[in-house]
Amino acid sequence: MKYKLDFYTAYNQFYVQDKLSPGRTDSASFWTAEAYHDRLAMEEGIVGIGTECYGPIKGELEILQVANNEIDINKHDHIVEGGIFLKSGTLQLLSCPNPDVALEIELDPGFYRIRVYSAGLATVDGDEGNDYYKIEIWPANNMMRKVLKAYANP
């Protein structure tokens, strides 16, 4: 399943969350220095995705059965992975700071891995640019954050 992303957010972030998550984005363990640097924050039932632009988000979200092992690292500026537990089985994509639901998907409850590919980051000038975010989600128990490619901000 593949979904197109085209919505507005603010504060250089948006969220992937379980519908029943308490959504603790104000937690001291959410946007830590490491999470900010890695462009991925994680808390119970919610993942924050750091963006280069301040507002308009373009991209895609794809639900996979297994991990994509054919990653073209040269096509993206930054690639990071993390995990989320979907207690409810309803995955939501939310804007920030108002939790407007940009997308809602029904999945089996359980543990999932999230990989975020960020591209076009250097095109952002001020609040907007041609940055693009591809998100892949598949069932997996690994909840640890891992950067596969770090953006070297010019």
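Residues numbered from 1 in each chain as written. Predicted model: local features only at pLDDT ≥ 70, side-chain atom pairs only at ≥ 80, totals over all residues. Heavy atoms only, no water.

**Student:** In this structure, what is going on with the overall build of the chain? I would like to understand it.
**Tutor:** Across its full length, the chain carries one helix and eleven strands. When the helices and strands of the chain are read in sequence order from the N terminus, they spell out β-β-α-β-β-β-β-β-β-β-β-β. A globule of 154 residues ought to have a C-alpha radius of gyration of about 15 Å, and the chain, at 14 Å, matches this closely. Seen through its principal axes, the chain has C-alpha atoms that stretch 40 × 35 × 30 Å. Expressed as a percentage of its 154 residues, the buried residues of the chain come to 49%. (Helix = DSSP H or I, 4+ residues; strand = E, 2+ residues; numbered from the N terminus. Rg over C-alpha atoms; globule rule 2.2 N^0.38 Å. Buried < 20%, exposed > 50% of the residue type's maximum accessible area, 1.4 Å probe, protein only.)

**Student:** Is there a simple way to explain the pairing of strand 7 (residues 90-94) in this structure?
**Tutor:** On any regular strand, side chains alternate: one points to one face of the sheet, the next to the other face. With five of five residues buried, strand 7 lies mostly within the body of the structure. The alternating pattern of strand 7 places Thr90, Gln92 and Leu94 and Leu91 and Leu93 on opposite faces, both of which are buried. Strand direction decides the pairing type here: strand 2 (residues 13-18) and strand 7, joined by four bridges, are antiparallel. Directly across from tyrosine 15, in strand 7, lies its bridge partner leucine 94. Relative to strand 8 (residues 101-106), strand 7 runs antiparallel, the two sharing five bridges. Residue pairing for strand 8: leucine 94 is matched across the bridge by valine 101. What sits between the antiparallel neighbours strand 7 and strand 8 is a turn of six residues. (Pairing = 2+ DSSP bridges.)

**Student:** What's the story with the sheet that holds strand 1 (residues 2-8) in this structure? I'm lost.
**Tutor:** Through backbone hydrogen bonds, the strands of a sheet pair up, either in parallel or in antiparallel fashion. Pairing is mixed across the open sheet formed by six strands, whose spatial order is 1-5-10-9-6-11. At either end of the open sheet lies a strand with only one pairing partner, and these are strand 1 and strand 11 (146-149). The average angle at which neighbouring strand axes cross in this sheet is 25°, direction not considered. (Axes fitted to C-alpha atoms, helices over the stretch in contact; angles between N-to-C directions.)

**Student:** Is there a simple way to explain the pattern of salt bridges in this structure?
**Tutor:** Any two side chains of opposite charge can pair if their charged atoms end up close together. Tallying each qualifying case throughout the model produces twelve salt bridges. Among the ionic pairs, glutamate 104 bridges to lysine 19, the shortest N-O distance being 4.0 Å. Taken together, the positions of glutamate 104 in strand 8 and lysine 19 in the loop between strand 2 and helix 1 (33-38) put the pair 85 residues apart, joining distant regions of the chain. Exposure remark for glutamate 104: the relative accessible area of 39% places this residue in the partly exposed category. Since its relative accessible area comes to 44%, lysine 19 is described here as partly exposed. Two residues, arginine 113 and glutamate 81, come together in a salt bridge whose shortest N-O distance is 3.0 Å. Of this pair, arginine 113 sits in strand 9 (residues 110-119) while glutamate 81 is found in strand 6 (residues 78-86), placing the two residues 32 residues apart along the sequence. By the burial criterion, arginine 113 is buried, and glutamate 81 matches it. Through salt bridges with shared partners, one network takes in Glu81, Arg113, Arg115, Lys134 and Glu136. (Salt bridge = Lys/Arg side-chain N within 4 Å of Asp/Glu carboxyl O.)

Remember, this is a structural readout, not a statement about activity or role.
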